[in-house]
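If you want the building blocks of each chain, they are given just below.
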Amino acid sequence: MNLFDYMRENNMEKESPLAARLRPVTLEEVVGQKHIIGKDKLLYRAIKADKISSVLFYGPPGTGKTTLAKVIAHTTSAEFTQINATSAGKKDMEEVIGKAKEIRGMYGKKTILFIDEIHRFNKGQQDYLLPFVEDGTVILIGATTENPYFEVNGALISRSIIFELKPLEKAEIRELLLRAVYDREKGMGSYDAVIDEEALDFLADAAGGDARLALNAIELGVMTTERAEDGKIHIDLEAASECIQKRVVKYDKGGDNHYDTISAFIKSMRGSDPDAAVYYLAKMLYAGESVTFIARRMMICASEDVGNADPRALTVAVSASLAAERVGMPEAQIILAQAASYIATAPKSNAAVNAIGEAMDTVKATGNLPVPPHLQDAHYRGSAKLGRGIGYLYAHDYPNHYVEQQYLPYELSGKEFYRPSGNGYEVKIREHMQRIRREAAGEEKMHRT
């Protein structure tokens, strides 16, 4: 490297974005992802021992995929080469492979090839890499925001270990923001800026686990905020909301606003107001409420407030919960809105709530009442001698697959718990039960006469 190359690299490093300047060079500096780089974890041990094999880093933007690749670059004795799949072509890969073969032949050194956005490579480009990964010419490190099982060649996957990176926790984003504001060597400490606790919390929450987004926002805030009379740059809540282009919504996840909003959301669905339900859903999502928490409440509402008036509501809610978790934001908001509007517009019944409530009270009041003998298990040895299972009537042997017999304990004979409402599908349930009971009673009367 000549003097001009050195000066150019030095200037690029100083002028690069904050997120790039703060990028760790050792595992100890990495924030988050302890589930894969904790001291007892495979990836940590492999990097420390310089025994890295082909890996694929999969996760949302700003979670540290490139960071981990750079850490490996700084700790390995192997040659490290990086290309981006959005701009690299076959010629670039041929040059990398050619150089890797040369280094291996001349110096006996391995080459680590880091491919960012590897899912952007087409099948042909991925196939080209396969034999060189297989014979050890290169050790592949791929980074992707897409599910590698869908986007990466199956043969490459079988020769790689997949590590899934998770969105950073709020506390981890806070740590990075504090490092960004006050670190004088890599951060913006020389600007003499200070950040309010309220602004720090807001940015850490609004970033949604994306470290790059948070760091870009704080860099913009420091660079564009005028100094106060005390000579310092103050990043307050207003400045924070401007630099991340997100309006502050009063929504304390641990306070009254949190509970008031989820309460209004549930009551709007219960009250068959889809417009209000979607509004409160949007408010929670905008404020960064957990998708899992929202989906869990919707499943409860689908059973508690809709019930058998529309049994599909619970299916919709459960499916929405699974889909939202797998898809993630922002697309998950569409899935949750579909489910919320379905639950809100579905016919309502709390008959199941009343049934289990009365049944629990009855169990509590009456204690351990015996199961009628004819319903008891007749399969184990000696059960017949004890009279268990004798006299049981098999419902499928009778018209409508129904026969009158004692199912409740005898002490509760005639007791009703579930009373279908006059709404939705429960109308059919009620009519069906009335019909089969009426016809069974008619059959019984006919036999007696």
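Quick notes on the rules
Residues numbered from 1 in each chain as written. Predicted model: local features only at pLDDT ≥ 70, side-chain atom pairs only at ≥ 80, totals over all residues. Heavy atoms only, no water. Pairing = 2+ DSSP bridges. Helix = DSSP H or I, 4+ residues; strand = E, 2+ residues; numbered from the N terminus. Axes fitted to C-alpha atoms, helices over the stretch in contact; angles between N-to-C directions. Contact = heavy atoms within 4.5 Å. Salt bridge = Lys/Arg side-chain N within 4 Å of Asp/Glu carboxyl O. Buried < 20%, exposed > 50% of the residue type's maximum accessible area, 1.4 Å probe, protein only. Core = buried A, V, L, I, M, F, W, Y, C linked by side-chain atoms within 4.5 Å. 1 Å grid on protein atoms, 1.4 Å probe; cavity = no way out; pocket = protein on both sides within 12 Å on 5 of 7 lines; lining within 4 Å. Points joined across faces, edges and corners; volume = space filled by probe spheres on them. Nonpolar A, V, L, I, M, F, W, Y, C, P; charged D, E, K, R; others polar. Parallel < 35°, antiparallel > 145°, perpendicular 65-115°, else oblique. Left-handed = near helix turned anticlockwise from the far one by under 90°. pLDDT = per-residue confidence, 0-100. Polar contact = N/O pair within 3.5 Å; in protein donor to acceptor, adjacent residues only side chain to side chain.

A. View of the sheet that holds strand E4 (residues 138-144). Pairing is parallel across the open sheet formed by five strands, whose spatial order is E2-E3-E4-E1-E5. On the outer flanks of this sheet lie strand E2 (79-84) and strand E5 (161-164), each paired with one strand and no other. Sheet twist, expressed as the mean angle between neighbouring strand axes with direction ignored, is 15°. Those strands touched by helix H5 (residues 65-75) are strand E1 (55-58), E2, strand E3 (111-116) and E4, and its axis lies near 145° from that of E1. The sheet strands contacting helix H6 (residues 90-107) are E2, E3 and E4, and the helix crosses E2 at an angle near 175°.

B. Structural view of the pattern of salt bridges. By the definition in use, this model includes 16 salt bridges. A salt bridge links Lys48 to Glu28; the nearest nitrogen and oxygen atoms lie 3.0 Å apart. Pair noted here: Lys48 is in helix H4 (residues 42-48) and Glu28 is in the loop between helix H2 (18-21) and helix H3 (34-37), with a separation of 20 residues, a long-range link. For Glu28, a relative accessible area of 47% puts it in the partly exposed group. Between Arg159 and Glu134 there is a salt bridge whose closest N-O contact spans 2.5 Å. A residue pair is termed long-range when its members are at least 10 positions apart, and Arg159 in the loop between helix H9 (154-158) and E5 and Glu134 in helix H7 (residues 123-134) qualify at 25 residues. It is possible to trace a salt-bridge network through shared partners that takes in Arg174, Glu197 and Asp201.

C. Highlighting the environment of Gly231. On the secondary structure map, Gly231 appears in the loop between helix H12 (211-224) and strand E7 (233-235). Note on Gly231: relative accessible area 29%, which makes it partly exposed. Considered as a pair, Gly231 and Ala193 are 38 residues apart in the sequence and their alpha carbons are 9.1 Å apart.

D. Focus on the nonpolar core. Counting 33 residues, the largest nonpolar core has Ile173, Leu177, Ile195, Leu203, Ile218 and Ile235 as its most contacted members. Listed by contribution, the elements that provide at least two residues to this core are H2, helix H10 (170-182), strand E6 (193-195), helix H11 (197-206), H12, E7 and helix H13 (237-243). Setting aside residues up to four positions removed in sequence, Leu177 forms contacts with Leu200, Leu203, Ala204, Ala214 and Ile218. By size, the runner-up hydrophobic cluster in this structure holds 28 residues, among which are Cys301, Ala313, Ala324 and Ala339.

E. Molecular detail of the layout of surface pockets. Put simply, the largest pocket is a space of about 1,700 Å³. Those elements giving two or more residues to the lining of the largest pocket turn out to be H11, helix H16 (291-306) and helix H17 (312-327). The class makeup of the residues in the lining of the largest pocket is 16 nonpolar, 10 polar and 13 charged.

F. Region of interest: the packing of helix H15 (residues 274-286) against helix H18 (residues 332-345). It is at 9 Å that the axes of H15 and H18 come closest, and there the two elements cross at 150°. Taken together, H15 and H18 sit at an angle that is classed as roughly antiparallel. The handedness of the crossing between H15 and H18 is right-handed. Across from Pro274, Ala277, Val278, Leu281 and Leu285 in H15, the residues of H18 making contact are Gln333, Leu336, Ala337, Ala340, Ser341, Ala344 and Thr345. Looking at the contact of H15 with H18, its residues break down into nine nonpolar, three polar and no charged.

G. How the structure looks around the confidence of the model for the protein chain. The share of residues in the protein chain with pLDDT of 70 or more is 90%, and the mean pLDDT across the chain is 87. When mean pLDDT is compared element by element in the protein chain, H18 scores highest at 95, while helix H1 (residues 3-15) scores lowest at 48. Throughout residues 1-12 the model reports pLDDT below 50, and contacts reaching past four residues in sequence, or to other chains, amount to two contacts.

H. Broad picture of the side chain of Asp305. Turning to its location among the elements, Asp305 is positioned in helix H16. With relative accessibility at 7%, the residue Asp305 sits in the buried group. Of note is the side chain of Asp305, whose polar atom sits 2.7 Å from the side chain of Arg270. If near-sequence neighbours (up to four positions away) are discounted, Asp305 is found in contact with Ile266, Arg270, Lys348 and Ser349.

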